[in-house]
Amino acid sequence: MSDQTDAPAGTQEQLFGELRRVKQASGFSYGQLAERTHYSRSSWERFLNGKQLPSKVAVEQFAAATGADPRPLLALLVAAGQAQPPAQEPAAAEALAPEPATPEPAATTAEPQDPAPTVVEPERDAPRPPEPAPARRRLVGRPSWQRRLGAVGYIATGAVMGAVATVVVMGTASGAHGGAAKTPGAQASGAGTGQAAPVPAGGKVDARCSGDTCLRRDPQAMDCQWDASTSHDTWLRGMHIELRYSPACHAVWGRIENGAVGDVVKIRDRTGLELQATIRTDRDTYTQMLAVTDDAPAESVTICGAIPSQKQLECSPSPNVQP
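Residues numbered from 1 in each chain as written. Predicted model: local features only at pLDDT ≥ 70, side-chain atom pairs only at ≥ 80, totals over all residues. Heavy atoms only, no water.

### Section: the overall build of the protein
From N to C terminus, the protein includes nine helices and nine strands. Here the protein holds 323 residues, and 38% of them are scored as buried. Put simply, 56% of the contacts in the protein that link residues at least 6 apart link residues at least 24 apart. (Helix = DSSP H or I, 4+ residues; strand = E, 2+ residues; numbered from the N terminus. Buried < 20%, exposed > 50% of the residue type's maximum accessible area, 1.4 Å probe, protein only. Contact = heavy atoms within 4.5 Å.)

### A few points about the environment of Ala207
Summarising the element assignment, Ala207 is placed in the loop between α9 (132-174) and β1 (229-236). Measuring from C-alpha to C-alpha, the distance between Ala207 and Cys249 comes to 6.1 Å, with 42 residues separating the pair along the chain. Setting aside its immediate chain neighbours within four residues, Ala207 contacts Met222, Ala248 and Cys249.

### Comments concerning the nonpolar core
Ranked by size, the top nonpolar core spans 21 residues in total, and within it Trp44, Leu48 and Phe62 carry the most contacts. Residues contacting Leu48, with those up to four places away along its chain left out, are Phe16, Leu19, Arg20, Lys23, Tyr30 and Phe62. One finds Leu236, Ile241, Leu243 and Ile307 within the second-largest nonpolar core, a separate group that totals 17 residues. (Core = buried A, V, L, I, M, F, W, Y, C linked by side-chain atoms within 4.5 Å.)

### Some details on the state of the cysteines
Inspection of the entire model under this criterion finds three disulfides. The residue that forms a disulfide with Cys224 is Cys249, at a sulfur-sulfur distance of 2.0 Å. With the S-S bond torsion at -95°, the cross-link from Cys224 to Cys249 turns out left-handed. Here Cys224, found in the loop between α9 and β1, pairs with Cys249, found in the loop between β2 (239-246) and β3 (251-257); they are 25 residues apart in sequence, far enough to count as distant. The exposure classification of Cys224 matches that of Cys249, with both residues buried. (Disulfide = S-S within 2.5 Å.)

### As for helix α4 (residues 56-66)
By the criterion of burial, α4 is predominantly enclosed, with 10 of the 11 residues buried. Where α4 is concerned, the buried positions are Val57, Ala58, Val59, Glu60, Gln61, Phe62, Ala63, Ala64, Ala65 and Thr66.

### Looking at the sheet that holds strand β5 (residues 274-278)
Spatially, β5-β4-β8-β9 is the arrangement adopted by the four strands of the open sheet, whose pairing is antiparallel. Where the open sheet ends on each side, the last strands, each with one partner, are β5 and β9 (312-316). Here the average twist between neighbouring strands, direction ignored, is 15°. (Pairing = 2+ DSSP bridges. Axes fitted to C-alpha atoms, helices over the stretch in contact; angles between N-to-C directions.)

### Brief notes about the pattern of salt bridges
The tally for this structure, following the rule as stated, stands at nine salt bridges. One salt-bridge network, held together by shared partners, links Glu242, Arg255 and Glu257. (Salt bridge = Lys/Arg side-chain N within 4 Å of Asp/Glu carboxyl O.)

### Quick word on unusual backbone geometry
In this chain, Ser316 is followed by Pro317 through a cis amide linkage whose omega measures 5°. Structurally, Pro317 can be placed in the segment after β9. At Asn258, a residue that is not glycine, the phi angle is positive and equals roughly 60°.

### Concerning the packing of aromatic side chains
Inspection of the entire model under this criterion finds four aromatic pairs. A ring pair is formed by Trp44 and Phe47, whose centres lie 5.4 Å apart and whose planes are at 85°; its orientation type is edge-to-face. Residue Trp44 and its partner Phe47 are both found in helix α3 (residues 41-48); the two are separated by three residues, about one turn of the helix. Here Trp44 and Phe47 have matching classes, each one buried. Summarising the aromatic geometry, the rings of Trp44 and Phe62 are spaced 5.5 Å apart at their centres and angled 40° between planes, so their arrangement reads as tilted. Of the two residues, Trp44 sits in helix α3 while Phe62 sits in helix α4, which places them 18 residues apart along the sequence. Each member of the pair, Trp44 as well as Phe62, carries the same accessibility label: buried. (Phe/Tyr/Trp six-rings, centres within 6.5 Å; stacked < 30°, edge-to-face > 60°.)

### Some words on the pairing of β1
Here β1 pairs with β2 via seven bridges, running antiparallel. Across the sheet, Thr234 pairs through a bridge with Ile241, a residue of β2. Between β1 and the antiparallel strand that follows it, β2, lie two residues; Arg237 among them carries a positive phi value of about 50°.

### So, the pairing of β5
Judged from the five bridges that link them, strand β4 (residues 264-268) and β5 form a sheet pairing that is antiparallel. If you follow Val265 over to β5, its bridge partner there is Ala277. Taking the residues that link successive antiparallel strands as the turn, the β4-β5 hairpin has five residues, and the phi of Gly272 there is positive, at about 95°.

### Observations concerning the environment of Thr213
Considering the arrangement of structural elements, one finds Thr213 in the loop between α9 and β1. For Thr213 and Leu290, which are 77 residues apart along the polypeptide, the C-alpha to C-alpha distance reads 9.5 Å. In this structure the side chain of Thr213 is engaged in a polar contact, spanning 2.7 Å, whose partner is the backbone oxygen of Ser210. (Polar contact = N/O pair within 3.5 Å; in protein donor to acceptor, adjacent residues only side chain to side chain.)

### A short note on the environment of Ala277
Mapped onto the secondary structure, Ala277 falls in strand β5. The spacing of Ala277 and Gly262 is 15 residues in sequence and 9.6 Å in space, taken between C-alpha atoms.

Okay, structure coming up:
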């Protein structure tokens, strides 16, 4: 039992150690990793300091940004127990199920009392029959409690599997999370196409779209993130809300960091065109792109962050987007 529990823990430490080694070899800071991926600085601090297991998508983006081979890292991630919770939940429910049989010794210990009533059957002791009743009530009560606990286990398993499925669907739909490795200063992920794209060297960005051709496109798939900077930002209850601008792509997109599942980021230009994204997993997300021009620069685009559960909204530069 101890070997099974120690193995995942040891593999997790090996995974975290390998991630830190690759980061140190790349020379990237947490902030630079955040600029080259769609995970925030705080997320990378949690991943590399062993506070939280990274997702498969995070490991793939980390390998792509640092130029590392993703396959050993993904193998360590699987061995560290990323896929264990769904498999263990039913086992936990099965482990609980046999327990109703454990009170059987109590029933068997009560068995010796049965011959006495059979021998003295004409006398029919009135006080003795009620004694087995409490034991039987416990036998009936405990299975129902265990069935409820088992149901909770199955629900938790379904929730975990649903979250994993959501990550896979989002990665496929956006096309922004390719599994190919890339070398810093030489190649970038093909954003789901399986092809490598040039990484900016010396300030030059080989963007895949510009202006109107970037409309409703994924910024990472179009390599617009390489020269991006924050045009303007604001905060809401610890959530960082940023409008990111790429001069090479002549486009902007919204990003939120340190949010929670269900939080929303929205952007809107002067014409009323609006795009939004919702955090489905983890604590960060970003929108697709809107085009900007000299007449309608990035400063004219409004970005808002919303917490629907709290009915709160914060915008920059003005609240033109409704929650």
